[in-house]
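# Commentary on secondary and tertiary structure
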Amino acid sequence: MTDKRSPAERVAQLRLDEQTAARRRNILVVAAVVALVVVVTVVGLVVQGRRDSTGGPVSMTPTGVTSDYGVVLGAKDAPHKVVVYEDFQCPICNEFEKATSEKVQAAIKAGKISVEYRMVSFLDRVSKNAYSSRAANASLAVLHVAGPAAFQKFHTMLFENQPAEGTAGPDNAELVDDAVRAGADRGEVEKLIDDGAYDEWVANATDAMSQHGVNGTPSVSVDGVMAKSPAEGLDALLKVV
Amino acid sequence: MSRWIGLAARLVVGAVWVVAGTLKLPDPAATVRAVRAYQLLPEAVVPTIGHLLPVAEVVLGLLLLVGLLTRGAAVASTLLMLAFVIGISAAWARGLQIECGCFGGGGAAGLDADPTAAYPWDIARDLALAAASAWLVVRPRTPLALDSVLLAPLPQPERPTR
């Protein structure tokens, strides 16, 4: 069988074949890269999901907390109800505490207000040794072991000892010493602090804050009205103490 | 000349994505909260988006940096940047006081200054990055790209030689 095509036709055909082969190869390369990208992304998605402990089963819940992840100090029937979201590593929370702590404690004692402290932890990234989450866990350990009065004392100490952003805060041994000073039994509280017993619970508390539409600390609500800024919250609180 | 503008766009946008994604990776819960803070997506998808976002950002950034699937990555980059612009604008319009969370953290932070002051800058930056991405959608061929190594150039129809 002889090829009846002219040389020009044959060259054209060769060129066409070449083009088809190149195009096919390109499609294969693109498909392979796309598949790789999809696999990497899906694996990354799964890994991120696994690393996020939020919403997981909580192995330990401290006694004396509210269903909104809060700790209530003061009489239940006090005329004014205050809710405060705080992170022990948050500098403005510290300023807020300095400005209000004494008056708030007096007002609680006098039965004028009740305060629900919702301790959250999202500032480990500015701490060298995860002070935000360790302090929150320790405060709940003190509540569990020694009750609300000890929690209140320890809460004040944790803010007094707040490390500057980017530095390390008190280690667990120091937290245990302070917890004992606040009134907790050393043997009981030490294990809860060292084990990070309430880490899971604190992670869920932090997520609950975000689900309540609260996006920063300190966030203060007085009698159900959430202040728009810490400064506004400070004013609202000072009016009722 | 336009090829070198394309290269610059690829490297700048790619680097921003890699940095932004990498800073978000260590704290998946924080990204979930940041996504939620915008109050735009239904809660059912918020955790998934929060977990996906940093990974997608890093992957997208790497594709642009090495110049692989440049046009596809540029399309995704443009759309994602515009989505962020919409998100921040919507937060601004509704008076939400949130940190953008653009480079990790976000949603929650010390509320020292008025976080809304950053909105115009965030929007301007994201618009500029969207424009750079759009440039690559139109002109995806750039120097030093893996695309030109892995993909055979299709033989062009012969042009008359001068």
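Under an unreviewed UniProt entry, chain B has the name MauE/DoxX family redox-associated membrane protein and belongs to Nocardioides jiangxiensis.

Going by the annotation in an unreviewed UniProt entry, the name recorded for chain A is Thioredoxin domain-containing protein, with Nocardioides jiangxiensis given as the source organism. Per UniProt, chain A has the following entry under Sequence similarities (unreviewed entry): "Belongs to the thioredoxin family. DsbA subfamily."

### Regarding the nonpolar core
Ranked by size, the top nonpolar core spans 57 residues in total, and within it Val82(A), Ile113(A) and Val189(A) carry the most contacts. With nine residues, the top contributor of residues to this core is helix 3 (residues 131-146) of chain A. Not counting the four nearest positions on each side in its chain, Val82(A) is found in contact with Ile113(A), Ser114(A), Val115(A), Glu116(A), Val220(A), Ser221(A), Val222(A), Leu237(A) and Val240(A). Of all hydrophobic cores here, the second largest spans 19 residues; its members include Trp17(B), Val59(B), Met81(B) and Ala130(B).

### So, the environment of Ala134(B)
With respect to the secondary-structure elements, Ala134(B) resides in helix 5 (residues 119-138). Exposure remark for Ala134(B): the relative accessible area of 28% places this residue in the partly exposed category.

### Here we look at the pattern of salt bridges
Under the definition given, this model contains ten salt bridges over all chains. Between Asp122(B) and Arg125(B) there is a salt bridge, with its nearest N and O atoms 3.4 Å apart. Of this pair, Asp122(B) and Arg125(B) both sit in helix 5, three residues apart, which is roughly one turn of the helix. Given the relative accessible area of 9%, Asp122(B) is considered buried. When salt bridges with common partners are traced through the structure, they connect Asp68(A), Glu116(A) and Arg118(A) into a single cluster.

### Looking at the state of the cysteines
Note on terminology: a disulfide is the covalent bond linking the sulfur atoms of two cysteines. Throughout the structure, instances matching the rule amount to two disulfides over all chains. In this model Cys90(A) forms its disulfide with Cys93(A); the gap between the sulfur atoms is 2.4 Å. Every disulfide takes its handedness from the sign of the S-S torsion; for Cys90(A) and Cys93(A) that torsion is 90°, giving right-handed. There is no split in this pair, since Cys90(A) and Cys93(A) are both buried. The residue that forms a disulfide with Cys100(B) is Cys102(B), at a sulfur-sulfur distance of 1.9 Å.

The rules we used
- Residues numbered from 1 in each chain as written.
- Chains lettered and ligands numbered in written order.
- Predicted model: local features only at pLDDT ≥ 70, side-chain atom pairs only at ≥ 80, totals over all residues.
- Heavy atoms only, no water.
- UniProt positions renumbered as here; feature names shortened; annotations may be inferred.
- Core = buried A, V, L, I, M, F, W, Y, C linked by side-chain atoms within 4.5 Å.
- Buried < 20%, exposed > 50% of the residue type's maximum accessible area, 1.4 Å probe, protein only.
- Helix = DSSP H or I, 4+ residues; strand = E, 2+ residues; numbered from the N terminus.
- Contact = heavy atoms within 4.5 Å.
- Salt bridge = Lys/Arg side-chain N within 4 Å of Asp/Glu carboxyl O.
- Disulfide = S-S within 2.5 Å.

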